Amino acid sequence: MFDDIKSAIEDLKQGKPIIVVDNEERENEGDLVAITDFMTEDTINFMIKHARGLVCAPISTELNKRLNLLPMTFNNQEPNKTAFTVSIDHVSTTTGISAFERFCTVKALADPNISIQDFNQPGHIFPLIAKPNGVLERVGHTEACVDLAKLCGASETGVICEIIKEDGTMARRDDLAVYKLEHNLKMITIADLVDYIKTVKPLVKREAQVNMPTEFGDFTMYGFSEIYGDKEHVAYVKDYEGVPDVRLHSECLTGDVFHSKRCDCGVQLERGLEHINKNGGILIYLRQEGRGIGLINKLKAYEKIEQGMDTVEANHALGFDSDVREYAIAASILKDLGVNKVNLMSNNPRKIDGLSKYGIAVEARIPHQFQSNAVNKTYLSTKKEKLGHLLEEKLI
């Protein structure tokens, strides 16, 4: 049903609109999206005739710093906080409503010499201001359009229009699949665009590099901050040749620091450092406590476990998926360190998939399992049975 992002970008560069679909739990709708630099007045006419929604013009925060378009309202009560500005018409237009005149208005937004004095307000085009970090900050059609414009190397503006069926109801995914074939259009999801951007853009900034002697060996330690978030991560590196052995370790305060017997995190961290010290390689320490749900929620999950649930059931009872960790940050750290292939020390197939998804090839898997204790046997069995971890029964 869905096309890859690269092919959609090529269509946009050729002036064709594409269909962009958001999350089923959000608006669950599809918008036609076109990039202003490449579109024609026929694009606007196609949107009016075959999409039937509101024609809007997303622009980047940077572009609006020059235009200084004011919000449509200073008390935005729209459920998804879409950043509408006061509507506009280019001063050259008459009524401003025809396809040609709406095209003139949106085309003017891409003019590097344009200013607010070149528009009448209100008008018939509705600019929308995208968040500075695009879909990495807000997974909306506004941000998707501006991000796609950037990926096309174009001016940071485009046009979007919701797709409405002939009976007046919104087109949902099954409807959009038919619509795509009828009009021979590419169709992508915002979720896939997020993943693509995480693959092609750096997500971390290297902040520090120090020598770090530990009881497990001496390492070079790198400190990283997230470009689009507020977390900090570290990597322990020992000289290696060829494809490095790599361990991705998610933070576990209770296990790593206080040596909790509920999990196997502490021993995995220590044995990981020992392995890296002996064989060379990289250990990345990721700040995603409790399978990504955070320290307090992990403790709340422990409460559920004490009431008879297993770890997966406890997560679900708190409203979380079984495992909400993701590995785009880890992949970005590896790329910063010049690594694109790894031998992964892990029992978790999701880590292999997670790295592969963001452009890191896993050449081999190195098992990283250690003998259970009387407390964590059920925890490890749940990992194997419900999460698919590759664990040997004799060590549980």
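The model shown is predicted, which means the values in this text are computed figures rather than measured ones. (Residues numbered from 1 in each chain as written. Predicted model: local features only at pLDDT ≥ 70, side-chain atom pairs only at ≥ 80, totals over all residues. Heavy atoms only, no water.)

Quick look at the overall build of the protein
Looking only at helices and strands, the protein features 15 helices and 14 strands. Its C-alpha atoms put the protein at 80 × 45 × 40 Å along the principal axes. At a minimum sequence separation of 6, the contacts of the protein that also span at least 24 residues come to 67%. With the model as given, the accessible surface of the protein reaches about 18600 Å², and the carbon-plus-sulfur share is 49%. The average position of the 47 basic charges and that of the 59 acidic charges among the side chains of the protein differ by 4 Å. (Helix = DSSP H or I, 4+ residues; strand = E, 2+ residues; numbered from the N terminus. Contact = heavy atoms within 4.5 Å. Areas by Shrake-Rupley, 256 points an atom, 1.4 Å probe, with all protein chains shown as cover. Lys, Arg positive; Asp, Glu negative; His and termini not counted. Charge placed at Lys NZ, Arg CZ, Asp CG, Glu CD.)

Some details on the pattern of salt bridges
Evaluation of the coordinates by the stated rule reveals 20 salt bridges. One salt bridge connects Arg52 with Glu166, and the closest N-O pair in it is separated by 4.0 Å. Note that Arg52 is positioned in the loop between α2 (41-50) and β3 (56-59) and Glu166 in the loop between β6 (158-162) and α6 (173-183), a separation of 114 residues in sequence. Residue Arg52 is classed as partly exposed on the basis of its relative accessible area of 34%. Residue Glu143 is joined to Arg138 by a salt bridge in which the shortest nitrogen-to-oxygen separation is 2.6 Å. Arg138 matches Glu143 in its accessibility class, with the two residues each being buried. (Salt bridge = Lys/Arg side-chain N within 4 Å of Asp/Glu carboxyl O. Buried < 20%, exposed > 50% of the residue type's maximum accessible area, 1.4 Å probe, protein only.)

Observations concerning the packing of aromatic side chains
Under the criterion given, the structure shown has 3 aromatic pairs. A cation over an aromatic ring shows up here: Lys238 above the ring of Phe219, its NZ or CZ 5.7 Å from the ring centre. Sitting above the plane of the Tyr302 ring, Arg262 keeps its charged end 4.4 Å from the centroid. (Phe/Tyr/Trp six-rings, centres within 6.5 Å; stacked < 30°, edge-to-face > 60°. Lys NZ or Arg CZ within 6 Å of the ring centre and 35° of its normal.)

Side note on the pairing of strand β5 (residues 119-129)
When β3 meets β5, the two strands line up parallel, connected through 4 bridges. Bridged to Cys56 within β5 is Phe126. Where strand β4 (residues 88-90) meets β5, 3 bridges bridge the pair, whose relative direction is antiparallel. Of the residues in β5, the one forming a bridge with His90 is Phe119. (Pairing = 2+ DSSP bridges.)

Some points on the environment of Ile329
By the secondary structure assignment, Ile329 is in helix α13 (residues 328-336). Note on Ile329: relative accessible area 14%, which makes it buried. Residue contacts for Ile329: discarding those within four places in its chain leaves Leu203, Val204, Glu226, His233 and Leu286.

Concerning the environment of Gly15
With respect to the helices, strands and loops of the structure, Gly15 is situated in the loop between α1 (5-13) and β1 (18-21). For Gly15, a relative accessible area of 16% puts it in the buried group. Among residues more than four places away in sequence, those in contact with Gly15 are Phe38, Met39 and Thr43.

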